[in-house]
Every structure is written in structure tokens, then in C-alpha cells.
Amino acid sequence: MIYLILISAFSGAIVTLLLQLLLLYRRSPEPIARTVQYVKAVPDPALKDYFNNQQAESTQQQSDITPSASKQPEAASPKQQETTVPGSSPKQQPYSPPPSLSDPQHISKAETCDFLNAIFLFLFRELRDTPVVRHWITKKIKVEFEELLQTKTAGRLLEGLSLRDISLGNSVPVFKTARLMKPVALNDDNMPEELNFEVDLEYNGGFHLAIDVDLVFGKSAYLFVKMTRVAGRLKLQFTRMPFTHWSFSFLEDPLIDFEVKSQFEGRPLPQLTSIIVNQLKRVIKKKHTLPNYKI
């Protein structure tokens, strides 16, 4: 009985060793080559009409004008026969050229953006107090502070700006209407290479900052800046030329109202207030108003 147990254990060990050797020295399977498939993006037929409806409108206007122009001489010929007297020339009617069709309509019909405003408001409520969003906005504001200190007017009075507190307000900018600016450049696949939108923007959310200001003569002041209202026409561009990017800028100087309060040793400092307001408006005009824009 003992010999039977030893033989079975020995045979089991040999079988286990053979299986391990087979697993160790077996040929590894060759990986299956991945085939990369490049599929072209194709716009929906409704989007094709959205991009090309300007050409259709121009063709329709031209077809409407052509029959009316051909009917006009036929209607005028019997009248001229009745009023023509022998030896006298018919009275010439003043020539009025047809409306020009060479100037295309560069802006389509206005569209509402209520669904976008609702989505942005929902995301704003969920994300405005997250560390990631606040860190990103704080970083952008510090960059603007550094550029503000490099200007000549602010450099004479200000030595440093540090952000004490920031509030994103209680609402997001509202897109009143949006219009697709035409013509739209399409490639061979009817895909747009560039999209430009004209957007009517209005903001009343009350974004504000609390700033500690270091003055040049070794003193410090406190500054409160609140953006009470912004209204204007915005150009939103998505383009692939010369590389894929998007940008936005105002078409003309927007209407911007600031509420600025300054305090220096318990007293207001009107000179600092006027410098900050003028510099903020100058930055918006310099960076975010056409022909200037930020990618």
C-alpha cells in the first residue's frame, strides 16, 4: 500500500513537471495585426442644407426675378402701341436695374440658444466651486495681472497684485441669438473647413474679485472689482486653417459696466479705481475685440 502511494505521488510529480515544461517552451501565439480603418466623416443631409441653403436662396431669388422681368416687356408693348402717334417717338420709361444678386447674404437667420444656455447653467452649478475650475480661473487671472503690471500707466502706481478672493457670480453668460456667417467653405466631402458664428451675448452674473494691491511707495491697498454687465456681438470661430483651433472675439467694443471700490488706509482711492477700470477695458479691446482675438 505504501509503495502504491509513493508510485502515484511520483507519477503525479512527473506529469506536473511535464506540463510546466510544455507551458514554458510552447510557442507564443503571434499577435493579430490591427487594421487601422480611416473613415471619412460625412455630414447629415440636414446639415448639408444648413451649410448650402444660401446658394439655394440665391437661386430661388434669381428664378423669381427672371419671370417678372420677362413679363414686363410683354405688358408694356400694347400700351406703347396705343399711345404712339405717327411722327412722334414713344415716351421712354426710366430704367430701374434689377436688385443685385452678386452680393451674398453673409449672415443666416437668427437661431435661439436656449438649450445651450440651459446646459451651461447646469454645468456651471455643478462645477463652479470645484478645485479644478477655481484653479484654472485663478491661473488665468494671475496671467492677466502680470500683463497689467507691465503697462506704463499701471507700472507707475502699482508694484504688485495678489488675488485675495474670487467669486464666479450666480449665473453664466447668456447667448441671446446665434447666426451662421456665410458663405461656408466646404471641402470635397461637403465638410466645413471653417465655421463662423455671430452671437449676441449678455452677462449679468456679477463675477467679482478681491485684490490686494502693493503700491510703489511701500503701501498697500484693497480693491474690489465686480463685472455687473457685459453685452455685445461675439464672433465664434471654429477652423482647421492653418491648424485646428477655435477662437472668440467681439465684433465691436462691447458694453461693459464695472463696479470698482478701492480702499487705502480707510479712504477711497479714486486714482487707483480709474486706472483699473481703464486698464480692464483696454485689455478687452486689445485681446478680445476684432481684429484681435485669442486662440
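Residues numbered from 1 in each chain as written. Predicted model: local features only at pLDDT ≥ 70, side-chain atom pairs only at ≥ 80, totals over all residues. Heavy atoms only, no water.

### A look at the environment of L148
Then step 1. With respect to the secondary-structure elements, L148 resides in helix 4 (residues 131-149).
Then step 2. When the C-alpha atoms of L148 and V283 are compared, they prove to be 8.2 Å apart, with 135 residues separating the residues in sequence.
Then step 3. Among all residues touching L148, those that are not within four sequence positions of it are A154, L161, I276 and Q279. (Helix = DSSP H or I, 4+ residues; strand = E, 2+ residues; numbered from the N terminus. Contact = heavy atoms within 4.5 Å.)

### Some remarks on the pairing of strand 8 (residues 255-263)
Then step 1. Of the two faces of strand 8, only the one carrying I256, F258, V260 and S262 is buried; L255, D257, E259, K261 and Q263 on the other face are not.
Then step 2. Relative to strand 8, strand 6 (residues 220-239) runs antiparallel, the two being bridged by nine bridges. Along strand 8, the bridge assignment pairs R229 with D257. (Buried < 20%, exposed > 50% of the residue type's maximum accessible area, 1.4 Å probe, protein only. Pairing = 2+ DSSP bridges.)

### What to know about a nonpolar patch on the surface
Then step 1. Taken together, the side chains of F115, I119, F120, F122, L123 and L127 make up a nonpolar region of the molecular surface, amounting to roughly 570 Å² of accessible area.
Then step 2. With respect to the element layout, F120 can be found in helix 3 (residues 114-127). (Patch = residues over 30% accessible without salt bridge, like charges linked within 9 Å, V, L, I, M, F, W, Y side chains within 5 Å. Areas by Shrake-Rupley, 256 points an atom, 1.4 Å probe, with all protein chains shown as cover. Salt bridge = Lys/Arg side-chain N within 4 Å of Asp/Glu carboxyl O.)

### A closer look at the nonpolar core
Then step 1. If you look at the biggest cluster of nonpolar residues, it comprises 44 residues, and the most contacted ones within it are L158, I211, V213, L223 and L272.
Then step 2. Elements supplying a minimum of two residues to this core: helix 4, strand 2 (158-167), strand 3 (174-181), strand 4 (194-203), strand 5 (207-215), strand 6, strand 8 and helix 6 (270-288).
Then step 3. In contact with L272, not counting residues within four places along its chain, are L157, L158, V213, A221, L223 and S262. (Core = buried A, V, L, I, M, F, W, Y, C linked by side-chain atoms within 4.5 Å.)

### Regarding the side chain of Q279
Then step 1. Mapped onto the fold, Q279 is located in helix 6.
Then step 2. You can call Q279 buried: its relative accessible area is 2%.
Then step 3. When neighbours within four sequence positions are excluded, Q279 is seen to be in contact with L148, T151 and T153.

### Some details on the packing of aromatic side chains
Then step 1. Under the criterion given, the structure shown has five aromatic pairs.
Then step 2. Aromatic side chains Y50 and F51 sit 5.9 Å apart centroid to centroid with 50 degrees between the ring planes, which places their arrangement in the tilted category.
Then step 3. F51 sits in the buried class, given a relative accessible area of 10%.
Then step 4. With a centroid separation of 6.1 Å and an interplanar angle of 85 degrees, the aromatic rings of F120 and F175 are classed as edge-to-face. Of the two residues, F120 is situated in helix 3 and F175 in strand 3; the sequence distance between them amounts to 55 residues.
Then step 5. Judged by its relative accessible area of 33%, F120 is partly exposed.
Then step 6. Among the aromatic residues, those joined into a cluster by ring pairs are F238, W246 and F248. (Phe/Tyr/Trp six-rings, centres within 6.5 Å; stacked < 30°, edge-to-face > 60°.)

### Side note on unusual backbone geometry
Then step 1. Note that the residue after K182, namely P183, is joined by a cis bond; omega there is 5 degrees.
Then step 2. Tracing the backbone shows P183 in the loop between strand 3 and strand 4.
Then step 3. In this structure, N190 takes a positive phi of about 60 degrees despite not being glycine.
Then step 4. Take N190: it is sitting in the loop between strand 3 and strand 4.
Then step 5. Residue N190 is classed as partly exposed on the basis of its relative accessible area of 29%.

### What about the environment of K261?
Then step 1. In this structure, K261 sits in strand 8.
Then step 2. C-alpha separation for the pair K261 and K226, spaced 35 residues apart in sequence, amounts to 8.8 Å.
Then step 3. Sequence-distant contacts of K261, defined by excluding residues within four places in its chain, comprise Y222, L223 and F224.

### Focus: helix 6
For an α-helix, the turn length of 3.6 residues means that residues three or four places apart are oriented alike.
Then step 1. If you check helix 6, its first and last C-alpha atoms are 27 Å apart, about what 19 residues at 1.5 Å a residue would give, namely 27 Å.
Then step 2. Regarding helix 6, the residues found buried are L272, T273, I275, I276, V277, Q279, I284, K287 and H288. (Expected span 1.5 Å × (residues − 1).)

### Focus on the pattern of salt bridges
Then step 1. Tallied over the full model, the rule gives 14 salt bridges.
Then step 2. D212 is paired through a salt bridge with R164; the nearest N and O atoms lie 2.6 Å apart. Pair noted here: D212 is in strand 5 and R164 is in strand 2, with a separation of 48 residues, a long-range link.
Then step 3. Given the relative accessible area of 52%, R164 is considered exposed.
Then step 4. In this structure, E198 and R233 form a salt bridge, with 3.0 Å as the shortest nitrogen-oxygen distance. Taken together, the residues E198 in strand 4 and R233 in strand 6 connect sequence positions 35 residues apart.
Then step 5. R233 gets classed as partly exposed once you look at its relative accessible area, which sits at 31%.
Then step 6. Through salt bridges with shared partners, one network takes in R179, E198, D200, R233 and E252.

These results come straight from atomic positions and should not be treated as a statement about function.
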